[in-house]
Every structure is written in structure tokens, then in C-alpha cells.
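# Per-entry structural report
This is what each chain is made of:
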Amino acid sequence: MRDFQLALLTWYDAQKRDLPWRRSHDIYAVWVSETMLQQTTVAAVLPYFERWMAAFPTLQDLARAPRGKVERFWAGLGYYSRCRRLHEAARQVADQGWPRTSQDWTRLPGVGCYTANAVASIAQNETVAVVDGNVERVFARATCSDATGAALRRQAQAWADQCLHRERPGDWNQALMELGALVCRPRDPNCPVCPVASFCQSQEAGTQSCYPRPSPKPKVVELEHEIWIPVVGEAVGLRQSPEGEWWQGLWGFPRFADKTQLEQITLSREPRLIGSFRHTVTCHRISVRVSIVTPPTRSKALNWFAWPEVGQLALPAPQKRAWNLGRIALSWTDEPPGLKGEEDELVAGEQRKAVEAKRQDKGQDAQSIFAGEPLAASKVLPSPVALGSLGKETN
Ligand code: SF4
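Residues numbered from 1 in each chain as written. Predicted model: local features only at pLDDT ≥ 70, side-chain atom pairs only at ≥ 80, totals over all residues.

### Some remarks on the overall build of the chain
The helix and strand tally for the chain stands at 17 helices and eight strands. The buried share among the 395 residues of the chain stands at 40%. (Helix = DSSP H or I, 4+ residues; strand = E, 2+ residues; numbered from the N terminus. Buried ≥ 20, exposed ≤ 12 C-beta atoms within 10 Å, placed from the backbone.)

Right, here's the structure in full:
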């Protein structure tokens, strides 16, 4: 075992990536990075992490920040409940102090075994082993394990517990995950440069590509959704997804599979289709059609914003794409067409608070985090609707 540990740690010390959260053992930075890294890649997380740490450099900054601002800096990373729980947990920690052990970490909202063990070992040097998809893959190949699913996770955890380097648990955990990310890659393991090749059973047998054994694929569910962008004058109507709906707490134009619901919410029956795209959420493949509606009055079921302000709200990815399609169709640019003196009339109650919060945060909030996704995969219909042809505000 010692030879195996020495080989991997020597390789890690020489080859590890220079990642911002590795530059210190700051508990807060490690916690944020490990929360963001769940079910996504380092490359995807890097820009979000940098912007997050610029906006909320300390635990106290995060704990004090309003929920809307925190969600905006997460928007686009997906798994939004994770962001809400991180914020909730930060408030608890700011109040009660840092957890001392992995077990304590799991008592915080949204912190599971993986995050607890990762933060406790990397930032607090606790001797607990971490298992993620990378470690599972290395384990399956190194031992020729036929396990899949939960059984694979259990076996990998037992193996990782046994292999754990007692003096350098944090580095060891990161070394195993780094090996899986850089060398023992999912499709093409780079065995010739692998530091632990001489300990690997599948490499010896030439069966690396057979492991891990494939899990049965979940059935893909096809869905069709309509997004309607209600426009009244220079204001657009959005709603916040309520509890129990996808993207809970985030903003979006009305989105339903059922047109009757859309008609009731937007007070309009004449959608003009402007584009369509596909979006995947876990095992759901959604065909999204985006239309503009121009009702005669502003529905009270919606919150009304000037068009450029929509970019300052926390929008999930498909709503950002709808927003971009709308901008093209309406020929609205990033330059605010409204909000010059009439913003108080436009924005009332809760919306006014959101605008005020945005003004206070001006600077960091205006970063490209809100720029939306490229439209390459979207289908923009010809004959864009000119702004002048849209309905006039009547109330
Ligand atoms: S030798 Fe190949 S299959 Fe085995 S752990 Fe290294 S990269 Fe993975």
C-alpha cells in the first residue's frame, strides 16, 4: 500500500493543476468549490468560482448577501437548490461557527457525505476518504470491479477508506480525483503515463475500457414547453418559480406545457412564435418554443421589468436563451430602451426592491455572468417582430 500511496502522491505533487481553491486551505473557498464541483467539471466551475469569490470573498459576505444576489451569481451552474442551501448553511455557520468534523458538516443544509469529507480532509486535515465519480472509475479499473450504481459507490468507499494516506488525507483525496480527471479518463485512460499502472489489474489484463461496468440508462422523457414573453410597451412580464416547480426561486417568462395556463397568466391568446430550442434537464429532453405576446394590459400575475433589467435577474439556462431570442426578435440591445425617469412607474413593490438591490450592487452585477448562452443551437425564426409593431401599454 505504501508504494501505491507514494507513487500517486509524488505524481500529484508534480502534476496537480493550479486551481484557485488549491492556493490556500481556506475552509470557505474549499467549501464553495466542492459545492460547485458536484456533478460538473472544473472547467465549467472556474469562471463561476472566480466571480463568486470576487462578490462574496468571505463567509460573512455570503451570509449577509440577499438571496436574489446569491442566486444571480449561481445562475447557469444548475442544481439551484444547492445554491439556496449553501446560502442557508453559510448563515448558520456565520452564527454558530465552523463545523469541526465531517460528521458536523453533514448537519448543515445541503452538505452530504462527499462535501463533508472533502472539506474536512482538504481544509481541516481530517482522515476521511472522499469518493466521487473519478474515484469510482479508478477503483473499478484498478480492481476489475463488476459493481454498478450504489454497490459500486459502497465498494469504492471501502477501498478509498483503506487506501487513505493518514498524514496527508486532503492531498490524497485530491490526488485520486485528479488521477481520474486527468489520466484515468472516462473514455480513453492514458495508462502509459499513469503513476499507478503497475498496481492496476485491468491494465494488466488489457480490459480498462470494460470498467466501470455500465449502469442501466434511465429512460429519457420527452417534453414540450411553451415560453411566452409578454410585452406591454417597454416592459416584459416574468414570474418567480414557486416551491415545487423546476428552478424554484429563479425568474422566468411564463413557461408551461398547457396553453390555457399561459393565456390566463399573460392575458393574451395570440402568441407570435420567434424561435425554438432543445434543453435537457436530467432525464428530461424538453422542446421549447418561444413566442412573444402583446396583451393590452399588464397581468397582475406577473412582475414587470424593463427589458435590460431581465439580464440582472437570476434566470435558468432555458430562460436566458428565451431572453436572447426575444432580444433579437424585438431588436432590443443591451442599451436600456426604458428606465429613464419612468422606472418607478414601471417597477412597483417587490420589483422596486429588486431594482434597488441591483443598483446597490452595480459593478459586480453587470458582469458577463448574465450574458446568456450562445444561440448556435437555437433556431431563430425569420421575420423578426419589430418593436414598433408590438402592443401599446394601456394601463
Ligand atoms: S493504469 Fe490505466 S486504467 Fe489503471 S488506473 Fe491507471 S489510467 Fe486507470
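### A few points about helix H15 (residues 317-330)
Taking 1.5 Å of rise per residue, the 14 residues of H15 would be expected to cover 20 Å, and the 20 Å separating its terminal C-alpha atoms lies within 8% of that figure. Buried residues of H15: Pro318, Gln319, Lys320, Arg321, Ala322, Trp323, Asn324, Leu325, Gly326, Ala329 and Leu330, and no others. Of the residues trailing H15, serine 331 is marked for its positive phi of about 55°. (Expected span 1.5 Å × (residues − 1).)

### A word on the site of the ligand
With respect to spatial proximity, 15 residues lie near the ligand, and among them Cys184, Cys191, Cys194, Cys200 and Gln203 are the closest. Looking at the shell around the ligand, the elements that each hand over two or more residues are helix H9 (133-143) and helix H12 (201-205). Per-element accounting of the shell around the ligand gives the leading share, three residues, to H9. Partitioning the shell around the ligand into residue classes produces ten nonpolar, four polar and one charged. (Near = placed C-beta within 6 Å. Nonpolar A, V, L, I, M, F, W, Y, C, P; charged D, E, K, R; others polar.)

### Things to note about unusual backbone geometry
With an omega of -10°, the peptide bond running from tyrosine 211 to proline 212 counts as cis. Unusually for a residue other than glycine, asparagine 125 sits at a positive phi of about 60°. Summarising the element assignment, asparagine 125 is placed in the loop between helix H8 (113-124) and H9. In the Ramachandran plot, tryptophan 247 falls in the positive-phi region, its phi being about 55° despite a non-glycine side chain. Tracing the backbone shows tryptophan 247 in the loop between strand E2 (235-240) and strand E3 (251-252). Assessed through the 21 C-beta atoms surrounding it within 10 Å, tryptophan 247 is described here as buried.

### A short note on helix H3 (residues 42-55)
With 14 residues, H3 ought to run about 20 Å at 1.5 Å a step, and its terminal C-alpha atoms sit 20 Å apart, in line with that. Regarding H3, the residues found buried are Val45, Phe49, Trp52, Met53 and Ala55.

By themselves, these are just geometric observations and shouldn't be taken as functional.
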